[in-house]
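Overview (structure and organization)
Okay, here's what each chain looks like letter by letter:
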Amino acid sequence: MLLINYKHQIYKLMERTFMEKFKPVDLIIIIGVIIALIVGFFTFKNFRQTAAKQIEATSKISFQVYIRGVTLTGNQIPLKADDKTFISIRNVPYSDLDILDVKADRKKIVLPILNSKKVMVVEDPSQANVYDLVVTLSDTAKITKDGAVVGGNKIKMGLPITLEGKDYKFNGTVSDLKIMPVTDDDKFHGSLETNDNV
């Protein structure tokens, strides 16, 4: 009985000194290191893909930016097809992109036709200088499983984009996205070796 009591006291003493040495912060750090080692192991063994390995291809894309309620009192729209515009994605400056197309439409209102259940859409005379713009841009993007990536951002509908030129700065959102297929000409030019000695 004395031996059992003595072992019990030794066990309690060891448990007390162990708990005094290790604090909850120490346990959190140990758990964090173990999790980091597990993630590193699975990344090394290719169970988890890194961002560089998710890129499937590089392709040309075209996307439309919808700009609502732009007030223009001049004679012409500052954005023109075949020009360049500087874009910022989520307020982060990116690059100059080619403008493929610009469509401008005055603000419209819906009016009922008298003695009929039909309606007609006419330009709103109270907002004569207010336009909605649709600007089509093109760029080269990295294509991943989640979509096209431009400037480190996934280009998806609803993404806020700012278009800026020397005399304008418009805020809009992506309203359409098309990934252009690789044409035979692109494949041919890509297969040419430019370092051949002639």
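Since we're looking at a predicted model, the values are computed, not measured.

Time to look at the packing of aromatic side chains. Applying the stated criterion across every chain, the model contains 1 aromatic pair. Between the aromatic rings of Tyr 168 and Phe 170, the centroid separation amounts to 5.4 Å while the plane-to-plane angle is 20 degrees, which identifies the pairing as stacked. Of the two residues, Tyr 168 and Phe 170, both sit in the buried class.

This brings us to the pairing of strand E2 (residues 84–89). Where a strand is regular, its side chains alternate between the two sheet faces. Strand direction decides the pairing type here: E2 and strand E3 (residues 92–106), joined by 6 bridges, are antiparallel. What sits directly across from Lys 84, in E3, is Asp 98. Following E2, the chain reverses through 2 residues before pairing antiparallel with E3; Arg 90 in that reversal takes a positive phi of roughly 55 degrees. By the bridge criterion, 4 bridges tie E2 to strand E9 (residues 160–165) in an arrangement that is antiparallel. Within E9, the residue paired with Ser 88 across the bridge is Thr 162.

To continue, consider the nonpolar core. Within the largest apolar cluster, 27 residues are counted, with the highest numbers of intra-cluster contacts made by Phe 63, Leu 79, Leu 137, Ile 161 and Leu 163. Elements supplying a minimum of two residues to this core: strand E1 (57–71), E2, E3, strand E6 (130–144), strand E7 (147–150), E9 and strand E10 (168–179). The biggest single contributor to this core is E6, with 6 residues. Apart from the residues lying within four places of it in its own chain, the contact partners of Leu 79 are Thr 85, Ile 99, Val 102, Leu 133, Val 135, Leu 163, Tyr 168 and Phe 170.

Turning our attention to the environment of Lys 169. Structurally, the position occupied by Lys 169 is in strand E10. Sequence-wise, Lys 169 and Ile 87 are 82 residues apart; in three dimensions their C-alpha atoms are separated by 9.4 Å. Excluding anything up to four places from it in sequence, Lys 169 contacts Thr 162, Leu 163 and Glu 164.

The next subject is a nonpolar patch on the surface. Where nonpolar side chains cluster on the molecular surface, the patch consists of Leu 27, Ile 30, Ile 34, Ile 38, Phe 41 and Phe 42 and spans about 550 Å² of accessible area. When you line up the elements, Ile 30 lands in helix H2 (residues 24–44).

Now for the environment of Leu 137. Relative to the elements of secondary structure, Leu 137 occurs in strand E6. On a C-alpha basis, the gap between Leu 137 and Asp 98 in space is 5.7 Å, while along the polypeptide they are 39 residues apart. Excluding residues within four positions of it along the chain, Leu 137 makes contact with Ile 61, Ser 62, Phe 63, Val 65, Thr 85, Ile 87, Leu 97, Asp 98, Ile 99, Leu 100 and Leu 163.

The next point concerns the pattern of salt bridges. This model, assessed by the stated rule, comprises 6 salt bridges. Across the pair Lys 84 and Asp 98 runs a salt bridge, and its minimum N-O distance is 2.6 Å. Taken as a pair, Lys 84 in strand E2 and Asp 98 in strand E3 lie far apart in primary sequence, 14 residues in all. Classification of Asp 98 as partly exposed rests on a relative accessible area of 32%. Residue Lys 108 pairs with Asp 105 through a salt bridge whose shortest N-O separation is 3.1 Å.

Along the chain, Ser 62 turns up in strand E1. Not counting the four nearest positions on each side in its chain, Ser 62 is found in contact with Leu 100, Thr 136, Leu 137, Ser 138, Asp 176, Leu 177, Lys 178 and Met 180.

On to the confidence of the model for the protein. Keep in mind that low pLDDT regions are not for reading the predicted coordinates in detail. Taken residue by residue, the protein gives an average pLDDT of 79. The fraction at 70 or more is 75%. Here residues 191–198 is modelled with pLDDT under 50, and outside its nearest four sequence neighbours on either side it reaches 0 contacts, counting other chains as well.

Cut-offs applied
Residues numbered from 1 in each chain as written. Predicted model: local features only at pLDDT ≥ 70, side-chain atom pairs only at ≥ 80, totals over all residues. Heavy atoms only, no water. Phe/Tyr/Trp six-rings, centres within 6.5 Å; stacked < 30°, edge-to-face > 60°. Buried < 20%, exposed > 50% of the residue type's maximum accessible area, 1.4 Å probe, protein only. Pairing = 2+ DSSP bridges. Helix = DSSP H or I, 4+ residues; strand = E, 2+ residues; numbered from the N terminus. Core = buried A, V, L, I, M, F, W, Y, C linked by side-chain atoms within 4.5 Å. Contact = heavy atoms within 4.5 Å. Patch = residues over 30% accessible without salt bridge, like charges linked within 9 Å, V, L, I, M, F, W, Y side chains within 5 Å. Areas by Shrake-Rupley, 256 points an atom, 1.4 Å probe, with all protein chains shown as cover. Salt bridge = Lys/Arg side-chain N within 4 Å of Asp/Glu carboxyl O. pLDDT = per-residue confidence, 0-100.

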